[in-house]
Number of protein chains: 2
Amino acid sequence: MRWARFELNGRASYGLVEGDHVQPVAGTPFGEWQKQGERRPLAAVRLLVPVVPPTFYAAGLNYVEHIKEAAAMLGLKKPDKPDIGYRAINALIAHGEPIVIPRDASAEVQYEGELVAVVGKRAKHLSEAEALSCLLGFTIGNDVSERSWQKIDRTLWRAKNTDTFKPMGPWIETEVDLDKLVTGVRLNGRPCVRFDTNKMLFGVARYIAAMTRYVTLQPGDVIWMGTDGESEDMKAGDVVEVEISGIGVLRNPVTREA
Amino acid sequence: MRWARFELNGRASYGLVEGDHVQPVAGTPFGEWQKQGERRPLAAVRLLVPVVPPTFYAAGLNYVEHIKEAAAMLGLKKPDKPDIGYRAINALIAHGEPIVIPRDASAEVQYEGELVAVVGKRAKHLSEAEALSCLLGFTIGNDVSERSWQKIDRTLWRAKNTDTFKPMGPWIETEVDLDKLVTGVRLNGRPCVRFDTNKMLFGVARYIAAMTRYVTLQPGDVIWMGTDGESEDMKAGDVVEVEISGIGVLRNPVTREA
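Residues numbered from 1 in each chain as written. Chains lettered and ligands numbered in written order. Predicted model: local features only at pLDDT ≥ 70, side-chain atom pairs only at ≥ 80, totals over all residues. Heavy atoms only, no water.

Engineer: How would you summarise the interface of chain A and chain B if you had to cite specific residues and measurements?
Structural biologist: At the junction of the two partners, chain A supplies 40 residues and chain B supplies 40 residues. Viewed at the interface, chain B and chain A are joined by eight salt bridges. Between Glu257(B) and Arg213(A) there is a salt bridge, with its nearest N and O atoms 3.2 Å apart. Counting the contacts that link chain A with chain B gives 28 residue pairs in polar contact (both at pLDDT 80 or more). (Contact = heavy atoms within 4.5 Å. Salt bridge = Lys/Arg side-chain N within 4 Å of Asp/Glu carboxyl O. Polar contact = N/O pair within 3.5 Å; in protein donor to acceptor, adjacent residues only side chain to side chain.)

What follows is the structure in structure tokens.
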């Protein structure tokens, strides 16, 4: 199933994506729900971020090529265990909404295409074998990063959490074969980075098992799994797309603060 | 005014603290509200965390003595600008609830008493002069930290965000004279650290002005302002209290995972 969240009569509603239509539901995928109301053409609705997470987790350095790049740029080392990090919801935008580069940002505002695991059930103390059972499904994230701030700030707050720097969507796909996924990023239609999504340093199950030893995951929590390859600069007027086979395409235009 | 959040007929409700009673309200301090129902003795209600923040900000190194301690322990330097960090809501507990030390934690599980600013209104691009106008009020936090994990992990996730490691409360005080506040921590009734709350490296207004250049604050967001002085280890059976004059006392027992 594909769960979209969209604007319906001025309110946020969940719906099931059926071909090029969306079937509204009463309720949410995190609890009781039933189909309710007329199907609408997907092209006619405004998609929202598929969930506003209670906690917004991010794996950071989790792919070999990206670690080489980060090591060269920031002096970071290859992690020896899955220590999770955080992002912030002020930065979330939906599929189609503009990434707004602040006036004083450098030219180094870059995409990072990522797989996003969406938690469906409260979970603590999961083994690696049972870890994926707490998930509702997967969506796509673009971990937009301003590299000059990433270098000079003490935390990642404005480098990665400036308003509009976290596009997520277009929807949550519940049927996913992790090993078959391929992540690709396109800038203005030109293919850039491309990598096997599940070729991670620490996989989704490994992360969840490690995390739930100490923290309780809640329905709606998201875990961004990191990116691979080299990122390029984006500028006003560009359109960036992150595609993960079997999930969809997350497309966002880029603008600059007036 | 003092805003408490408490359990009423099995649901979370806001109320006004009036002496040793609480007057329930319909609505929340972040929107419309009116008094509704009977006053109850404070001692008879179960307090909840005064707000579950959409984004949970934390200043980190923001007092001179604490920076000396952190520098000695972790090699951290005095920050040259207010770069905000993050904590996570899975770790929040209310006044009176137990801090649970995980089975495999070291003996170095320490308190950090902190002033917490609670955002009342959506805010972006505030000047330092107008920054405090977006706040609803202030509460108290205990930024419980496991020092061995803080030293070896790549992020602060389990050192500071293990379940129950973020006591916050007991309520939100809206009338506060920042310059008059004094923060004190007691362990089993014995006074430990004590410092002038507002003697920060970067004050609340300075942080908010810097943050809102890039991020939109939302009603209910909290900003933990950091701690000063030396922290001591806590163990099962202890009771830790953080008092800030004019706000209240945040008291939590300490237990250990079975």
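Okay, back to it.
Engineer: Help me get a handle on the relation of the copies chain A and chain B, residues and values and all.
Structural biologist: Take chain A, turn it by 180°, move it 0.0 Å along the axis, and it overlays chain B with an RMSD of 0.0 Å. The symmetry that links the two subunits is that of a two-fold axis. Comparing interface residues between copies, 100% of those in chain A also lie at the interface in chain B; the contact surface is shared. (Least-squares fit on C-alpha atoms with pLDDT ≥ 70 in both.)

Engineer: A description of the confidence of the model for chain A should follow, citing residues and the corresponding values.
Structural biologist: Close inspection of predicted coordinates is inappropriate for parts of the model with low pLDDT. Model confidence for chain A is summarised by a mean pLDDT of 96, while 100% of its residues fall at 70 or above. Overall fold confidence for the complex sits at a pTM of 0.97, while the interface term, ipTM, reaches 0.96. (pLDDT = per-residue confidence, 0-100.)

Engineer: Hey, could you go over the sheet that holds strand S19 (residues 248-256) of chain B for me, with residue numbers and the actual values?
Structural biologist: Residue and element names in this part refer to chain B. Reading across the sheet, the five strands line up as S9-S19-S18-S15-S16 and stay open at both edges, with mixed pairing between neighbours. With one partner strand each, in any of the chains shown, strand S9 (99-101) and strand S16 (190-196) form the two edges of the open sheet. If you compare each strand with its neighbour and ignore which way they point, the axes differ by 20° on average. The pairing of strand S15 (residues 182-187) with strand S18 (residues 239-244) spans five bridges and is classified as antiparallel. Across the sheet, the residue bridging to Arg186 is Glu241, located in S18. (Pairing = 2+ DSSP bridges. Helix = DSSP H or I, 4+ residues; strand = E, 2+ residues; numbered from the N terminus. Axes fitted to C-alpha atoms, helices over the stretch in contact; angles between N-to-C directions.)

Engineer: Can you tell me about the sheet that holds strand S19 (residues 248-256) of chain A, naming the residues and giving the values?
Structural biologist: Residue and element names in this part refer to chain A. Strand order in this open sheet of five strands is S9-S19-S18-S15-S16, and the pairing throughout is mixed. This sheet does not close on itself; its edge strands, each paired only once, are strand S9 (99-101) and strand S16 (190-196). Pairs of neighbouring strands in the sheet enclose a mean axial angle of 20°, with direction left out of account. Sheet topology note: the strand S18 (residues 239-244)/S19 ladder contains six bridges and is antiparallel. Residue pairing for S19: Val242 is matched across the bridge by Leu250.

Engineer: So, the pattern of salt bridges: which residues are in play, and what are the values?
Structural biologist: Residue and element names in this part refer to chain B. For the coordinates displayed, the defined rule picks out 50 salt bridges over all chains. For the salt bridge of Glu18 with Lys35, the shortest nitrogen-to-oxygen distance reads 3.2 Å. One end of the pair, Glu18, is in strand S2 (residues 11-18); the other, Lys35, is in strand S4 (residues 33-35), with 17 residues separating them in the sequence. Glu108 is paired through a salt bridge with Lys151; the nearest N and O atoms lie 3.7 Å apart. With Glu108 in the loop between S9 and strand S10 (109-110) and Lys151 in helix H2 (residues 147-152), this pair connects stretches of sequence that are 43 residues apart.

Engineer: Break down the domain arrangement of chain A for me, with residues and values.
Structural biologist: By a frequent convention, interface size equals the accessible area lost on bringing the separate parts together. All names here are of chain A. Partitioning chain A into domains gives domain 1 (1-48) and domain 2 (49-256). Taken over C-alpha atoms, the centre of domain 1 sits 24 Å from the centre of domain 2. Here domain 1 meets domain 2 over a buried area of about 1300 Å², counting both sides, of which 54% is carbon and sulfur. At the junction of domain 1 with domain 2, the criterion picks out two salt bridges. The shortest N-O distance in the salt bridge between Glu173 and Arg2 comes to 2.6 Å. Linking domain 1 with domain 2 are nine residue pairs in polar contact (both at pLDDT 80 or more), by the criterion used here. Sorting the residues of the side of domain 1 that touches domain 2 by element identifies strand S1 (2-8) and strand S2 (11-18) as the ones contributing at least two each. With four residues, the top contributor of residues to the side of domain 1 that touches domain 2 is S1. Partitioned by chemical class, the residues of the side of domain 1 that touches domain 2 number 10 nonpolar, no polar and three charged. (Domains from an automatic or database assignment. Buried area = accessible area lost by both parts, 1.4 Å probe. Nonpolar A, V, L, I, M, F, W, Y, C, P; charged D, E, K, R; others polar.)

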